[in-house]
Each structure stands twice: as C-alpha cells, then as structure tokens.
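The chain contents come next:
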Amino acid sequence: MAAHRGKPAQREPCLAILNDSGGAFVASPFVELETPPKAVYFQNALEIEFYRTYFDNVRIWINDVESIVRIAREESQRRGIAAMDALNVAAAYLAKAEVLYTMERREKPIYRTSLVRVVRVEPDETA
C-alpha cells in the first residue's frame, strides 16, 4: 500500500523493491483482501490499476487458506504477532520466501518470527 499511497519517503523504497527484476512476488487471498477493496469502494482508478498490475505480476500464489490460517494461528500464539501480520508471515513461509518486506516499526511482534526473515523497508528521508 505504501508503494502507492505512502508519502514519497515511504513510496520510493517500496517502488524500488517492486521494480527489482530479480525478485518474485508472493501473494495470498489475504493480501488481495487487504489491499484493493478500499480503492474500489472509493473508485480510485489509479490505485485500482496499481494493485491490478501488482497482482498480475505475482509469480507465487499461496491459496491454501487452511494452512495459512493454521500456521498464522500457531505463530500468532507463539510470538504475539497481530492477525494480519501472522497471515502474511504464514503465506511467506509456505511460499519459501527469502524475505518478507514490511513498513512496520522494528519493535512490532512480526520481527519475532523465525519462519521467514522480516525486513523493514526504511523510509528514504531524502525523497
């Protein structure tokens, strides 16, 4: 979301990750539910197109909702991770992702997981 709606300091590093041709993007139904619906509701055509382009370029879809929820529940209970963050961690884990990028502050529980390496996207203060 920060790649489209964020302030320039947030948007630029996120766009750099999205434009990195060496990466493969992972998504799940939960990511798809978390991002475009608000843009659709408010009829924000540019944001809708941004998300459509992103999801069209996802190479790995993790659609096993039962496994995502089971792993997310276990990890949330074990590490105190918020529900949506735990769902994203579980999907990344199932995809065998090398890294899960986030804008969350470093003190958030998502960094406690050992299932996938969580990396904070640092705002570009020069932007």
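Quick caveat: nothing in here was measured; it's all calculated off a predicted structure.

### Some remarks on the overall build of the protein chain
Next, step 1: Tallying secondary structure elements over the protein chain gives seven helices and four strands in all.
Next, step 2: When the helices and strands of the protein chain are read in sequence order from the N terminus, they spell out α-α-β-α-α-α-β-α-α-β-β.
Next, step 3: Within the protein chain, the fraction of its 127 residues that count as buried is 35%.
Next, step 4: Restricting the contact set of the protein chain to residue pairs at least 6 apart, pairs at least 24 apart contribute 56%.

### Quick notes on the side chain of Asn-88
Next, step 1: By secondary structure assignment, the location of Asn-88 is in helix 7 (residues 83-94).
Next, step 2: Using a relative accessible area of 16% as the deciding quantity, one classes Asn-88 as buried.
Next, step 3: Here Asn-88 is in contact with Val-31, Glu-34 and Leu-100, once residues within four sequence places are set aside.

### Quick word on helix 7
Next, step 1: End to end, helix 7 covers 16 Å across 12 residues, agreeing with the expected 16 Å (1.5 Å per residue, within 8%).
Next, step 2: Among all positions in helix 7, only Asp-85, Ala-86, Leu-87, Asn-88, Val-89, Ala-90, Ala-91 and Ala-92 are buried.
Next, step 3: As for helix 7, its buried residues are in contact with strand 1 (26-27), helix 3 (29-34), helix 6 (65-79) and strand 3 (100-102).
Next, step 4: Note on helix 7: the residue one or two positions beyond its end, Lys-96, has a positive phi of about 60°.

### Structural notes on helix 6
Next, step 1: Over its 15 residues, helix 6 extends 20 Å from the first C-alpha to the last, a length consistent with the 21 Å expected when each residue adds 1.5 Å.
Next, step 2: Of the residues making up helix 6, those classed as buried are Ser-67, Ile-68, Ile-71, Ala-72 and Glu-75. The buried side chains of helix 6 occupy one side of the element, clustering within an arc of 125° when seen end-on. Opposite the packed face of helix 6, turned more than 90 degrees from it, sit the exposed residues Glu-66 and Gln-77.
Next, step 3: Taken from the residues just after helix 6, Gly-80 is the one with a positive phi, measuring 75°.

### Here's the deal with the pattern of salt bridges
When the charged atoms of two side chains with opposite charge come close together, those side chains can pair.
Next, step 1: In total, this model carries five salt bridges according to the counting rule given.
Next, step 2: Here Arg-70 and Glu-74 are joined by a salt bridge, their closest N and O atoms 3.9 Å apart. Residue Arg-70 and its partner Glu-74 are both found in helix 6; the two are separated by four residues, about one turn of the helix.
Next, step 3: Relative accessible area serves as the criterion here: at 40%, Arg-70 is assigned to the partly exposed category.
Next, step 4: A relative accessible area of 37% means that Glu-74 is categorised as partly exposed.
Next, step 5: In this structure, the salt-bridge partner of Glu-75 is Arg-79, at a minimum N-O distance of 3.5 Å. Placement of the pair is Glu-75 and Arg-79 together in helix 6, with a separation of four residues, close to one helical turn.

### A closer look at the confidence of the model for the protein chain
Next, step 1: Counting all residues, the mean pLDDT for the protein chain is 85, and 79% of those residues have values of 70 or more.
Next, step 2: Confidence, read as mean pLDDT per element, is least for helix 1 (residues 2-5) in the protein chain (48) and greatest for helix 6 (98).

Rules used throughout
- Residues numbered from 1 in each chain as written.
- Predicted model: local features only at pLDDT ≥ 70, side-chain atom pairs only at ≥ 80, totals over all residues.
- Heavy atoms only, no water.
- Helix = DSSP H or I, 4+ residues; strand = E, 2+ residues; numbered from the N terminus.
- Buried < 20%, exposed > 50% of the residue type's maximum accessible area, 1.4 Å probe, protein only.
- Contact = heavy atoms within 4.5 Å.
- Expected span 1.5 Å × (residues − 1).
- Arc of directions from axis to C-beta.
- Salt bridge = Lys/Arg side-chain N within 4 Å of Asp/Glu carboxyl O.
- pLDDT = per-residue confidence, 0-100.

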